[in-house]
Amino acid sequence: SLAHEFDVVFVGNLDAERVECLEALVRQRFRVGVFGERTTSVVSRDSPLSRATFGPAAYGQSLSMTLARGAISLNVMRTQNAQSHNMRSFESPACGAFTLSQRTGELTELFAEGEEVACFGSVTELCDQARRWLDDREGRDRVASQGEVTPDEAGRVMALLTAHKALVETGDLERRIEALEVAKK
């Protein structure tokens, strides 16, 4: 995996469970990159995770480029998504990244485990899966290719999705302002 700057890349905001997963990877000597908002303020100086590389949050086009910096794109669900999926469940494979995701019932219905994504159910399994897939570049490439999009194509798709989301949010905001103005009359 010398072609990648990192063994494992995580893009997102940190919470206790995500920190626990990332700390375990750092302890096992994986090269970890963490990209998100205020990530360094969540990680204490005495945490093993403080040895990781930190960078700014990545959205839209920069997301695919950031994920491409790692051999493995890590997806850890938040508590509210523990039984389902999150946006990264779709974004990461669509960006052509090899995705190692926390296993959920819904995720394994959406994606074939070991064929379209790799999964883990515990911190121990996370480290085992990361090692197994890091040592199998052909396998990673095969799984990642199921997304069938180049990082550049994925960047364009992500830029469109980001623009669409902004439009939807703007429209929603305009409707709420209008409703408040009507309510004042």
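Heads up: the structure comes first, above all this text.
These lines cover the structure that appears in this document, whether it is placed above or below. All values reported here derive from a predicted model rather than from experimental measurement.

**Here's the deal with the overall build of the chain**
So, step 1. In terms of regular secondary structure, the chain is built from 8 helices and 6 strands.
So, step 2. The C-alpha atoms of the chain give 18 Å as radius of gyration, which agrees with the globular expectation for 185 residues (16 Å, within 12%).
So, step 3. Taking the intrachain contacts of the chain between residues at least 6 apart in sequence as the baseline, contacts between residues at least 24 apart amount to 62%.
So, step 4. Distance between charge centres in the chain, computed from 22 positive and 28 negative side chains, equals 6 Å.

**Observations regarding the environment of V11**
So, step 1. Here V11 is to be found in strand 1 (residues 6-11).
So, step 2. For the pair V11 and T53, spaced 42 residues apart in sequence, the C-alpha separation works out to 12 Å.
So, step 3. Ignoring anything within four residues of it in the chain, the contact list for V11 reads F35, A58, L63, T66, L67 and R88.

**Concerning the sheet that holds strand 6 (residues 118-120)**
So, step 1. Spatial ordering of the open sheet is given by 3-2-1-4-5-6, a layout of 6 strands whose pairing is parallel. Each edge of the sheet is formed by a strand with only one pairing partner; in this case those strands are strand 3 (53-55) and strand 6. For this sheet the average axis-to-axis angle between neighbouring strands, irrespective of direction, equals 25 degrees.
So, step 2. Of the pairings in the sheet, the one linking strand 5 (residues 99-102) to strand 6 comprises 3 bridges and is parallel in character.

**Points about the packing of aromatic side chains**
So, step 1. Following the criterion strictly, the structure yields 3 aromatic pairs and no others.
So, step 2. Ring centres 5.7 Å apart and planes at 50 degrees place the aromatic pair F90 and F111 in the tilted group. On the criterion of sequence distance, the pair formed by F90 in helix 4 (residues 87-94) and F111 in the loop between helix 5 (105-110) and strand 6 is long-range, its members being 21 residues apart.
So, step 3. Its relative accessible area of 11% is what places F111 among the buried residues.
So, step 4. Positioned above the aromatic ring of W133 is the side chain of R132, whose terminal nitrogen or guanidinium carbon lies 3.7 Å from the ring centre.

**Thoughts on the side chain of S92**
So, step 1. Its place among the elements puts S92 in helix 4.
So, step 2. Classification of S92 as buried rests on a relative accessible area of 0%.
So, step 3. Residues contacting S92, with those up to four places away along its chain left out, are L67, S73, A97 and T99.

**Details of the nonpolar core**
Taken as a class, soluble globular proteins show a tendency for nonpolar side chains to be buried jointly.
So, step 1. Counting 30 residues, the largest nonpolar core has L22, L25, V32, L49, I72, L74 and L100 as the members making the most contacts within it.
So, step 2. Among the secondary structure elements, those contributing two or more residues to this core are strand 1, helix 1 (16-27), strand 2 (32-35), strand 4 (70-75), strand 6, helix 6 (123-134) and helix 7 (137-144).
So, step 3. If you tally residues by element for this core, the top one is helix 1, at 6 residues.
So, step 4. Apart from the residues within four sequence positions on either side, L25 is in contact with V8, F30, V32, L74, L126, C127 and A130.
So, step 5. With 9 residues, the next largest nonpolar core counts V9, V11, C95 and A97 among its residues.

**Remarks on the pairing of strand 2**
So, step 1. What you see with strand 2 is no split at all: V32 and V34 on one side and G33 and F35 on the other are buried throughout.
So, step 2. The handedness of the strand 1 to strand 2 crossover, carried by helix 1, is right-handed.
So, step 3. Strand direction decides the pairing type here: strand 2 and strand 3, joined by 3 bridges, are parallel. Paired with V34 across the two strands is F54, which belongs to strand 3.

What counts and what doesn't
Residues numbered from 1 in each chain as written. Predicted model: local features only at pLDDT ≥ 70, side-chain atom pairs only at ≥ 80, totals over all residues. Heavy atoms only, no water. Helix = DSSP H or I, 4+ residues; strand = E, 2+ residues; numbered from the N terminus. Rg over C-alpha atoms; globule rule 2.2 N^0.38 Å. Contact = heavy atoms within 4.5 Å. Lys, Arg positive; Asp, Glu negative; His and termini not counted. Charge placed at Lys NZ, Arg CZ, Asp CG, Glu CD. Pairing = 2+ DSSP bridges. Axes fitted to C-alpha atoms, helices over the stretch in contact; angles between N-to-C directions. Phe/Tyr/Trp six-rings, centres within 6.5 Å; stacked < 30°, edge-to-face > 60°. Buried < 20%, exposed > 50% of the residue type's maximum accessible area, 1.4 Å probe, protein only. Lys NZ or Arg CZ within 6 Å of the ring centre and 35° of its normal. Core = buried A, V, L, I, M, F, W, Y, C linked by side-chain atoms within 4.5 Å. Right-handed = clockwise from strand over helix to strand, strands pointing away.

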